[in-house]
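The residues making up each chain are set out below.
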Amino acid sequence: MRHSTHLLVYPFPSSGHIIPLLDLTDLLLRRGLTVTVVISPTNLPLLDPLHSSHPSSLHKLLFDDPEITPFPDPLIAKVISTQKLFDPIVKWFRSHPSPPMAIVSDFFLGWTSELASHLGIQRIVFSPSGVLSSSILQTLWQDVEEINADKDQKFSLSFPEIPNSPEFPLWQLLPVSQNFKKGEPHYESFRNGMLANMSSWGIIYNTFEELEGVYIDHMKKQMGHDRVWAVGPLLPDDHGTGRGGSSVVPPNDLLMWLDNKPDDSVVYICFGSQTTLSEKQMGGLIGALELSNINFILCAKGSKSGSIPSGFEDWVSGRGLIVKGWAPQLAILRHRAVGSFVSHCGWNSTLEGVAAGVMMLTWPMGADQYVDAKLLVDELGVGKRVCEDAPDSVPDSVELARLLDESVSGRYKAEQRVVKVKKLSQAASKAVKDGTSMRDVDTFVQLLSQ
Ligand code: UDP
């Protein structure tokens, strides 16, 4: 009997990166592939549910998180430290009776391109970010020699097939504190890893054609071949209540609370798994929630205890819920009562909001979030900016209250933005059911199995 195709899947160890790559892994396992996932014991709880569904075809390759290399930039430090797994993976591979024929690894793990060629197998990049944001960063990394201290220097995709390509100042693409040191080995190594992505055998994006078609085509031209697959939005079919973490409140309590609210009347507010608002920012938001009349669920993970005034919850009781920890975001967004989403615009949240057909109120603060917000507001016309002058900007409570009220008002429902997001939501469902994203997953699996 022919052995099934064996893949090594290597997510970057951070929940926003692990969650979508495991959703993709599920699709690959359902198509009969055998998959080994590189994971640390700390992140094992994220893999366990998938492992229970595919006990014989999903294998774990467990390595402790490598000690973090001391470096001023925490992201680069984490990326560099993963390189310590090069030799252990080679050793595992050499001793395996039927080793993987390709590696699918996160775009931060650019060094796995060298690992793959050392092992004589293909590397496929998995991008947990959108195509526009990854392309713009690619441009930045290519031009990085020229970057000076001018944080207002603008970057865009200067390619003829994309007229009026959006422009971004450098401070929106990188942490403002970041100082490039040309020739500094860790920094060069990170940059080389990002550039290596472009010479990989293929790239898989968690996006879909209607969302980023023009940028997907652009990426195919950049890569010089068609092995660029858009397979998103990668989301579970069920409620996804345990996705990425256990909710700190029983999901059913939240869903029952939502059951009692009218359609599209609730604003959901959450800033992802990493970002916490400063006390001033939280103050501006709380002030707006007090002034507004909206129903809302506020996910206030990691907020300093003083930033939500005592008595606030009683004051808004009946119309507002505060979740002080991990919220079952997907289940909340998919509830018919939720009409708009104040989001930091991490790519997963962006996709989840669009797929759920809720109006996006954008409040980006770093990483790829400014690019995602621009895509939502200016390119797709499905969102509105609520705060984005700088990562530490504090919203004006009166203005924010107005925007919140407006986003779920009856009048607003007929707005173009809402009509467009509902249309995109339908396109997202079609793409993953029997449309372009399913086609791309199938094409990818067929190419591997040849
Ligand atoms: N998430 C969640 N509950 C929370 C916070 C986040 O379920 O309380 C999920 C969210 O649904 C998304 C992911 O965690 O899938 C966050 O990813 P995103 O790219 O939006 O932001 P990041 O955390 O990477 O900044």
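Residues numbered from 1 in each chain as written. Predicted model: local features only at pLDDT ≥ 70, side-chain atom pairs only at ≥ 80, totals over all residues. Heavy atoms only, no water.

So, the overall build of the chain
Per the secondary structure count, the chain includes 18 helices and 15 strands. Computed over the C-alpha atoms, the radius of gyration of the chain is 22 Å, within 12% of the 22 Å expected from 2.2 N^0.38 for a compact globule of 450 residues. With respect to the principal axes defined by its C-alpha atoms, the chain has extents near 65 × 50 × 45 Å. Expressed as a percentage of its 450 residues, the buried residues of the chain come to 60%. Of the contacts made within the chain by residues no fewer than 6 positions apart, 69% connect residues no fewer than 24 positions apart. (Helix = DSSP H or I, 4+ residues; strand = E, 2+ residues; numbered from the N terminus. Rg over C-alpha atoms; globule rule 2.2 N^0.38 Å. Buried < 20%, exposed > 50% of the residue type's maximum accessible area, 1.4 Å probe, protein only. Contact = heavy atoms within 4.5 Å.)

Section: the site of the ligand
What surrounds the ligand is a group of 18 residues, the closest being Ser 273, Ala 327, His 344, Ser 349 and Glu 352. One of the side-chain N or O atoms of Ser 273 is found 2.4 Å from an oxygen atom in the ligand. Here an oxygen atom of the ligand sits 2.5 Å away from a polar atom, N or O, in the side chain of Glu 352. For the ligand, whose accessible area on its own is 540 Å², the fraction buried by protein is 92%. (Near = heavy atom within 4 Å. Polar contact = N/O pair within 3.5 Å; in protein donor to acceptor, adjacent residues only side chain to side chain. Areas by Shrake-Rupley, 256 points an atom, 1.4 Å probe, with all protein chains shown as cover.)

Focus on the side chain of Asn 206
By secondary structure assignment, the location of Asn 206 is in the loop between strand 8 (202-205) and helix 9 (209-223). If sequence neighbours within four positions are ignored, Asn 206 has contacts with Pro 20, Phe 126, Ser 127, Gly 232, Pro 233, Leu 234, Trp 347, Asn 348 and Leu 351.

Here's the deal with the nonpolar core
Residues Ile 89, Phe 208, Leu 258, Tyr 268 and Ile 297 are the most contacted members of the largest nonpolar core, which totals 85 residues. Here this core gets six residues from one element, more than from any other, and that element is helix 6 (residues 131-142). The residues touching Leu 258, leaving out its near neighbours within four places in the chain, are Val 266, Ile 297, Ile 332, His 335, Arg 336, Ala 337 and Val 338. One finds Leu 24, Leu 33, Ile 204 and Trp 229 within the second-largest nonpolar core, a separate group that totals 31 residues. (Core = buried A, V, L, I, M, F, W, Y, C linked by side-chain atoms within 4.5 Å.)

Re the packing of helix 14 (residues 347-356) against helix 15 (residues 369-379)
Packing of helix 14 against helix 15 leaves a shortest axis separation of 9 Å and a crossing angle of 20°. By the angle between their axes, helix 14 is roughly parallel relative to helix 15. Of the two elements, helix 14 crosses helix 15, and the hand of that crossing is right-handed. Contact with helix 14, carried on its side by Trp 347, Thr 350 and Val 354, involves Asp 372, Leu 375 and Leu 376 of helix 15 and no other residues of that element. Of the residues that constitute the contact of helix 14 with helix 15, the class distribution is four nonpolar, one polar and one charged. (Axes fitted to C-alpha atoms, helices over the stretch in contact; angles between N-to-C directions. Parallel < 35°, antiparallel > 145°, perpendicular 65-115°, else oblique. Left-handed = near helix turned anticlockwise from the far one by under 90°. Nonpolar A, V, L, I, M, F, W, Y, C, P; charged D, E, K, R; others polar.)

Describing the sheet that holds strand 15 (residues 383-385)
The strands making up a sheet associate through backbone hydrogen bonding, with each pair oriented either parallel or antiparallel. Spatial strand order, 12-11-10-13-14-15: six strands in an open sheet with parallel pairing. Each edge of the sheet is formed by a strand with only one pairing partner; in this case those strands are strand 12 (320-323) and strand 15. Within the sheet, the average angular offset between the axes of one strand and its neighbour, ignoring direction, is 15°. One ladder, built from four bridges, connects strand 13 (residues 338-343) with strand 14 (residues 359-362); its direction is parallel. Each residue of the ladder has a partner; that of Phe 341, found in strand 14, is Met 360. Against the sheet, helix 10 (residues 251-259) makes contact with strand 10 (266-270), strand 11 (295-299), strand 12 and strand 13, and its axis sits at roughly 160° relative to strand 11, the strand it touches most. (Pairing = 2+ DSSP bridges.)

A look at the side chain of Ser 407
Structurally, Ser 407 can be placed in helix 16 (residues 397-407). Side-chain polar atoms of Ser 407 contact the side chain of Ser 340, separated by 2.8 Å.

Considerations on the packing of helix 11 (residues 279-291) against helix 16
Contact geometry for helix 11 and helix 16: axes closest at 8 Å, N-to-C directions at 55°. With respect to helix 16, the element helix 11 is oriented oblique. Relative to helix 16, the crossing made by helix 11 is right-handed. Contacts between helix 11 and helix 16 involve Gly 283, Gly 284, Leu 285, Gly 287, Ala 288, Leu 289 and Leu 291 on the former and, on the latter, Ser 397, Val 398, Leu 400, Ala 401 and Leu 404. Taken together, the residues of the contact of helix 11 with helix 16 sort by class into eight nonpolar, four polar and no charged.

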